[in-house]
Amino acid sequence: MAKTKIKDIILNPDTKREYFSPGNATCQGCGLDLALRWAMKALGPKTATVSPASCANVVTGLWPKSAPQWPWFNMAFAASAAAASGMKHGLVAKGKGDYNVIVWAGDGGTADIGIQGLSGAAERNEDIIYVMYDNESYMNTGIQASSSAPRGTVTTTTPYGKDQKKKNIPMIVAAHNVPYVATCSVSDPMDLYDKFKKAKDIKGFRFIQILTPCPPGWRHEAQYTIRQSALAVDTGIFPLFEIENGILTLSGKSKRLHDPTKRKPIQEYYSKKNQGRFKLINDGLLEELEKDVKEWWSWIDRHLVYQEHLEL
Ligand SMILES: Cc1ncc(C[n+]2csc(CCOP(=O)(O)OP(=O)(O)O)c2C)c(N)n1
Ligand code: SF4
């Protein structure tokens, strides 16, 4: 369970305050909107954001109605991790090293075009927080599949369903042995808040992936955004965890989902009734998707077993 309670947020003027203005240009039920709102409550005003081409880039930058109440730099698609690294060094040189510098990038900007910059910054252990908000496709340009889209997803570039499995970015970043890697879901905002709060106080490269449903891209009604992200967690499809200096701990509801019998069936999530983007999912694909979930959890298991071994 998250340590922070909603009443702690409401009773504290610093966190009650909204940094990301409501009434911005995101669609109804946009997950990235919620994620940014809660992340900023944890990070506070001494934050500067670098954001590559994406929905975030557009919804925050429509002058004169831009929503962020803190510095926000729109960046070329591939360059955000490099730009944020330079920005942090510049702030340190100016005596403003206490600013959090964050990258706020979509899955296309992270898993595909930005991955070299991400890997370079992680290797150098740059003192930045890299956030991948994951709506599992290129939404801003009209729903094209990214490498983070799950198998079977129907998009404009995969009209018969995507063949490949979802690329596992937290696993890739963790292989760089950075101080902090975490996953969050907008269905558990207090867990998200606590993870950003923790990340803020860690030095070095921090990476946070947030599952952020997108109603037009996922083809569900706007009021089901939270239900979608909760279901992704409850089925074990999107495990919540933290890796701090190599030590993995499961968080939120995922703690009890280590036992597969406690998980909801993945069919509840991958169904055309639930999300129109899964309209072509069939039994064969479900088997493959089940294997993908198993693979994810066996990676988590190997981490946990390795830790036990270290503790002996
Ligand atoms: C080099 C380059 N190629 C393509 C584009 C067009 N473009 C702008 S936003 C975008 C989609 C970004 O997708 P993602 O990173 O997943 O974020 P989302 O739109 O889903 O929020 C694309 C392809 C661009 N701006 N720059
Ligand atoms: S298209 Fe999707 S990600 Fe983009 S603003 Fe709309 S809901 Fe959000």
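Parameters at a glance
Residues numbered from 1 in each chain as written. Chains lettered and ligands numbered in written order. Predicted model: local features only at pLDDT ≥ 70, side-chain atom pairs only at ≥ 80, totals over all residues. Heavy atoms only, no water. Near = heavy atom within 4 Å. Polar contact = N/O pair within 3.5 Å; in protein donor to acceptor, adjacent residues only side chain to side chain. Areas by Shrake-Rupley, 256 points an atom, 1.4 Å probe, with all protein chains shown as cover. Helix = DSSP H or I, 4+ residues; strand = E, 2+ residues; numbered from the N terminus. Nonpolar A, V, L, I, M, F, W, Y, C, P; charged D, E, K, R; others polar. Contact = heavy atoms within 4.5 Å. 1 Å grid on protein atoms, 1.4 Å probe; cavity = no way out; pocket = protein on both sides within 12 Å on 5 of 7 lines; lining within 4 Å. Points joined across faces, edges and corners; volume = space filled by probe spheres on them. Pairing = 2+ DSSP bridges. Axes fitted to C-alpha atoms, helices over the stretch in contact; angles between N-to-C directions. Salt bridge = Lys/Arg side-chain N within 4 Å of Asp/Glu carboxyl O. Buried < 20%, exposed > 50% of the residue type's maximum accessible area, 1.4 Å probe, protein only. Expected span 1.5 Å × (residues − 1). Arc of directions from axis to C-beta.

In this section: the site of ligand 1. Looking at ligand 1, there are 15 residues lining it, with Gly108, Gly109, Tyr133, Met139 and Asn140 nearest. Ser137 places a main-chain nitrogen or oxygen 3.0 Å from an oxygen atom of ligand 1. One of the backbone N or O atoms of Asn140 is found 2.8 Å from an oxygen atom in ligand 1. When the free accessible area of ligand 1 is taken as 590 Å², the share hidden by the protein chains comes to 70%. Among the elements that make up the shell around ligand 1, the one with the highest residue count is helix α6 (residues 107-112) (three residues). Classifying every residue of the shell around ligand 1 gives six nonpolar, eight polar and one charged.

Here Asp292 shows up in helix α12 (residues 283-311). Of the polar contacts made by the side chain of Asp292, one reaches the side chain of Arg151; its length is 2.8 Å. Apart from the residues lying within four places of it in its own chain, the contact partners of Asp292 are Arg151 and Lys165.

This part covers the layout of surface pockets. To locate leftover empty space, one rolls a probe as large as a water molecule over the atoms. Its volume calculated, the largest pocket comes out at about 330 Å³. Top element by residues in the lining of the largest pocket is α12. It accounts for five residues. Residues of the lining of the largest pocket, tallied by class, amount to 13 nonpolar, two polar and seven charged.

What follows deals with the sheet that holds strand β3 (residues 100-105). On the basis of which strands lie adjacent, the open sheet formed by eight strands has the order β2-β1-β3-β4-β6-β5-β7-β8 and mixed pairing. This sheet does not close on itself; its edge strands, each paired only once, are β2 (72-75) and β8 (247-250). Strand-to-strand twist in this sheet, taken as the mean axis angle between neighbours without regard to direction, amounts to 20°. By the bridge criterion, six bridges tie strand β4 (residues 129-134) to strand β6 (residues 206-211) in an arrangement that is parallel. For Met132, the partnering residue across the bridge sits in β6 and is Gln209. Relative to β3, helix α3 (residues 31-43) is tilted by about 170°, and along the sheet it contacts β1 (47-52), β2, β3, β4 and β6. Contacts between helix α9 (residues 189-200) and the sheet are confined to β3, β4, β5 (180-185), β6 and β7 (241-244), with β5 contributing the most and set at about 160° to the helix.

Take empty space enclosed by the protein next. Tallied over the full model, the rule gives one cavity of 30 Å³ or more. In this model, the largest cavity occupies a volume close to 30 Å³. In terms of lining, the largest cavity is formed by Ile115, Leu118, Ser119, Ala122, Ile172, Val173 and His176. Mapped by element, the contributors of at least two residues to the lining of the largest cavity are α7 (115-123) and α8 (169-174). In terms of residue class, the lining of the largest cavity is built from five nonpolar, two polar and no charged.

For the rest of this paragraph, the subject is the site of ligand 2. The environment of ligand 2 is made up of Thr26, Cys27, Cys30, Cys55, Asn135, Cys214, Pro215 and Pro216. Residue composition of the shell around ligand 2, by class: six nonpolar, two polar and no charged.

Right, let's talk about the side chain of Thr158 for a bit. Secondary-structure assignment places Thr158 in the loop between β4 and α8. For Thr158, the side chain forms a polar contact with the side chain of Thr155, separated by 2.6 Å. When neighbours within four sequence positions are excluded, Thr158 is seen to be in contact with Ala145 and Thr153.

So, about the pattern of salt bridges. One pass over the structure, following the stated rule, counts 20 salt bridges. Of the charged contacts, one joins Lys46 and Asp98 as a salt bridge, the two residues approaching to 2.6 Å between their closest N and O atoms. Here Lys46 is found in the loop between α3 and β1, whereas its partner Asp98 is found in the loop between α5 (80-93) and β3, with 52 residues between them in sequence. A residue is classified by how much of its surface remains accessible, and Asp98, at 46% relative accessible area, is partly exposed. In this structure, Arg206 engages Asp127 in a salt bridge whose closest nitrogen and oxygen atoms are separated by 2.8 Å.

Here the focus is α5. Helix length check: α5, at 14 residues, gives a terminal C-alpha distance of 20 Å against a target of 20 Å (1.5 Å per residue), a fit within 8%. All of the buried residues along α5 are Ser80, Ala81, Ala84, Ser85, Met87, Lys88 and Leu91. Buried residues of α5, viewed axially, fall in a sector of 165°; they line one side. Taken together, the buried residues of α5 touch β1, β2, β3, α7 and β4. Phi turns positive, to about 75°, at Gly95, one or two residues after α5.

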